[in-house]
Amino acid sequence: MEKNTVDARGLSCPQPVLMTKKAMESGDKAYEIIVDNGTAKENVTRFAQNAGYKVSVTEIDGDFHLTAVK
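All values reported here derive from a predicted model rather than from experimental measurement.

Peer 1: Just to check I follow, could you spell out the overall build of the protein for this structure?
Peer 2: Secondary structure assignment for the protein yields 2 helices and 4 strands. Starting at the N terminus and walking to the C terminus, you meet the elements of the protein as β-α-β-α-β-β. In terms of overall size, the protein behaves like a compact globule, its C-alpha atoms giving a radius of gyration of 11 Å where 70 residues would be expected to give roughly 11 Å. Its C-alpha atoms give the protein principal-axis dimensions of about 25 × 20 × 15 Å. Considering the protein as a whole, with its 70 residues, one finds that 37% of them fall into the buried category. About 4,200 Å² of surface is accessible on the protein, with carbon and sulfur atoms providing 48% of the total.

And the structure:
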């Protein structure tokens, strides 16, 4: 399954959430959102879960890779 990727590293909230929301308007079933701070990780995770996505988080070299799948 191809994932729509949102790279929100270096951005503070609410930017990562807004970028994720905009990407999700495309209606795809899977997204990878990359953030580099815990607050963005928590906020994007909460947003995606509220939108009906199952979220898993992997930490790679200090960045958080969130996979959101519907």
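Past the structure itself, the notes keep going.
Peer 1: Mind showing me how you'd approach helix α1 (residues 15-24) here?
Peer 2: Along an α-helix, residues three or four apart share an orientation, since each turn contains 3.6 residues. Listed in full, the buried residues belonging to α1 are Pro 16, Val 17, Thr 20, Ala 23 and Met 24. Buried residues of α1, viewed axially, fall in a sector of 125°; they line one side. Buried positions along α1 lie against β1 (4-7), β2 (30-35), α2 (38-50) and β4 (63-69).

Peer 1: Help me understand the environment of Phe 64, please; the structure alone is not making it clear to me.
Peer 2: With respect to the helices and strands, Phe 64 occurs in strand β4. You can call Phe 64 buried: its relative accessible area is 13%. Separated by 35 residues in sequence, Phe 64 and Lys 29 place their C-alpha atoms 20 Å apart. If we ignore the near neighbours within four places in the chain, the residues touching Phe 64 are Ile 33, Ile 34, Val 35, Asp 36, Asn 37, Gly 38, Lys 41, Val 57, Thr 58 and Glu 59.

Peer 1: What should I look at first to understand the packing of α1 against α2 in this one?
Peer 2: When two helices pack together, you describe them by how their axes are tilted relative to each other and by the distance separating the axes. Where α1 meets α2, the axes come as close as 9 Å, and the angle between the chain directions of the two elements is 30°. Judged by the angle between their axes, α1 and α2 are roughly parallel. Note that α1 runs across α2; the crossing there is right-handed. Contacts between α1 and α2 involve Pro 16, Val 17, Thr 20, Lys 21 and Met 24 from the first element and Ala 40, Asn 43, Val 44, Phe 47 and Ala 48 from the second. Along the lines of polarity and charge, the residues of the contact of α1 with α2 split into 7 nonpolar, 2 polar and 1 charged.

Peer 1: Explain the pairing of strand β3 (residues 54-60) here, please?
Peer 2: Side-chain positions along a regular strand alternate between the two faces of the sheet. Taken together, the 7 bridges between β3 and β4 define a ladder with antiparallel strand orientation. The residue bridging Thr 58 from the neighbouring strand is His 65, located in β4.

Scoring rules and cut-offs
Residues numbered from 1 in each chain as written. Predicted model: local features only at pLDDT ≥ 70, side-chain atom pairs only at ≥ 80, totals over all residues. Heavy atoms only, no water. Helix = DSSP H or I, 4+ residues; strand = E, 2+ residues; numbered from the N terminus. Rg over C-alpha atoms; globule rule 2.2 N^0.38 Å. Buried < 20%, exposed > 50% of the residue type's maximum accessible area, 1.4 Å probe, protein only. Areas by Shrake-Rupley, 256 points an atom, 1.4 Å probe, with all protein chains shown as cover. Arc of directions from axis to C-beta. Contact = heavy atoms within 4.5 Å. Axes fitted to C-alpha atoms, helices over the stretch in contact; angles between N-to-C directions. Parallel < 35°, antiparallel > 145°, perpendicular 65-115°, else oblique. Left-handed = near helix turned anticlockwise from the far one by under 90°. Nonpolar A, V, L, I, M, F, W, Y, C, P; charged D, E, K, R; others polar. Pairing = 2+ DSSP bridges.

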